[in-house]
Amino acid sequence: MNEIEAFRQYLQERKQSPKINYHQEALKEMERIREEKEQKPTLLLHACCIICACWPLDFLHDTFDVTVLFHNPNIWPEEEYNLRLSEFRRYLKERWNNEIPLIETPYQGEEFMKSLSFGKDHPEGWKRCFFCYEERMRYGFAMADRNGYDYFTTVMTFSRQKDSQKFNEIGARLQKEFSHTRYFFSDFKKDNGQLKSKAICEAYNLYRQNYCGCVYSMLNQKGNDPDQRQMDRVE
Ligand code: SF4
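Residues numbered from 1 in each chain as written. Predicted model: local features only at pLDDT ≥ 70, side-chain atom pairs only at ≥ 80, totals over all residues.

(A) Inspection of the overall build of the protein chain at higher detail. For the protein chain, the count of helices and strands is 10 helices and 5 strands. For 235 residues, the compact-globule estimate of 2.2 N^0.38 gives 18 Å, and the C-alpha radius of gyration of the protein chain, at 18 Å, lies within 12% of that figure. C-alpha extents for the protein chain along the principal axes are approximately 50 × 45 × 35 Å. Each of the 235 residues in the protein chain was classed as buried or not, and the buried ones make up 34%. Restricting to contacts in the protein chain with at least 6 residues of sequence separation, those with at least 24 account for 73%. (Helix = DSSP H or I, 4+ residues; strand = E, 2+ residues; numbered from the N terminus. Rg over C-alpha atoms; globule rule 2.2 N^0.38 Å. Buried ≥ 20, exposed ≤ 12 C-beta atoms within 10 Å, placed from the backbone. Contact = placed C-beta atoms within 7 Å.)

Take a look at the structure:
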């Protein structure tokens with residue numbers, strides 16, 4: 001069986017398997033925290049871009065003391081990485097007056113693309129992506145645990161193109177490896193998350209990329225043109 005066939009079979013099996021409503025899990029955990037804790041717990045929030053992060057920040061802010069981690073060696077090329085990061089900084093300044101701390105890791109795209117090359121022909125959402133999700137989540141989880149954060153999570157469950165069950169499964173597995181930090185289960189696209197994000201993006205005129213991040217997703221994007229991508233920004 002080739003990778004495309006294996007991916008199709010995987011999707012079929014996923015469709016038939018029972019799903020957990022992780023948005024409900026998130027709401028329950030937040031309610032529990034508000035009832036039991038006097039102080040807001042700390043949460044390290046891995047964020048891939050401001051489009052995916054703007055609504056989760058609104059959602060989490062009243063319950064948690066949030067710090068954002070921008071760790072995305074999957075973004076190619078460096079100018080795109082810098083653009084997504086600068087939009088992130090701009091939004092935190094304009095919307096949050098820089099009250100939410102942002103941790104940035106240096107660009108490591110060259111090295112990371114080599115580690116993704118095993119799956120250069122994989123369809124998006126398959127094993128190359130599983131590797132990519134887990135590398136970034138593991139990095140963030142380890143940082144959160146090392147620095148005593150109460151919770152870690154990622155905004156990547158926001159994306160409609162990605163399987164939120166998968167992120168939560170990875171999060172649950174990683175949680176067993178770390179002694180202090182707990183994984184915060186989520187599905188940020190639920191409860192009209194996409195519409196809420198769209199409204200924020202329009203209000204702040206945020207740059208919307210048209211590919212996921214790596215060089216393979218960039219090349220697979222039909223009619224991809226860096227100049228056109230810049231024009232995607234609503235003027
Ligand atoms: S398509 Fe996105 S998630 Fe998949 S490997 Fe590329 S950057 Fe990572």
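(B) Region of interest: helix α8 (residues 193-204). Between its first and last C-alpha, α8 extends 17 Å over 12 residues, near the 16 Å set by a 1.5 Å rise per residue. Taken together, the buried positions of α8 are Gly-193, Ser-197 and Cys-201. Each buried residue of α8 lies within a common arc of 65° when the element is viewed along its axis, so the set occupies one face. Turned more than 90 degrees away from the buried face of α8 sit Leu-195, Glu-202 and Ala-203, all of them exposed. (Expected span 1.5 Å × (residues − 1). Arc of directions from axis to C-beta.)

(C) Representation of the environment of Gln-161 in the model. Here Gln-161 lies in the loop between β4 (151-154) and α7 (164-175). Judged by the 9 C-beta atoms lying within 10 Å of it, Gln-161 falls in the exposed class. Along the chain, Gln-161 and Arg-90 lie 71 residues apart, while their C-alpha atoms are 25 Å from each other.

Note that all results are geometric; they support no functional claim without further evidence.
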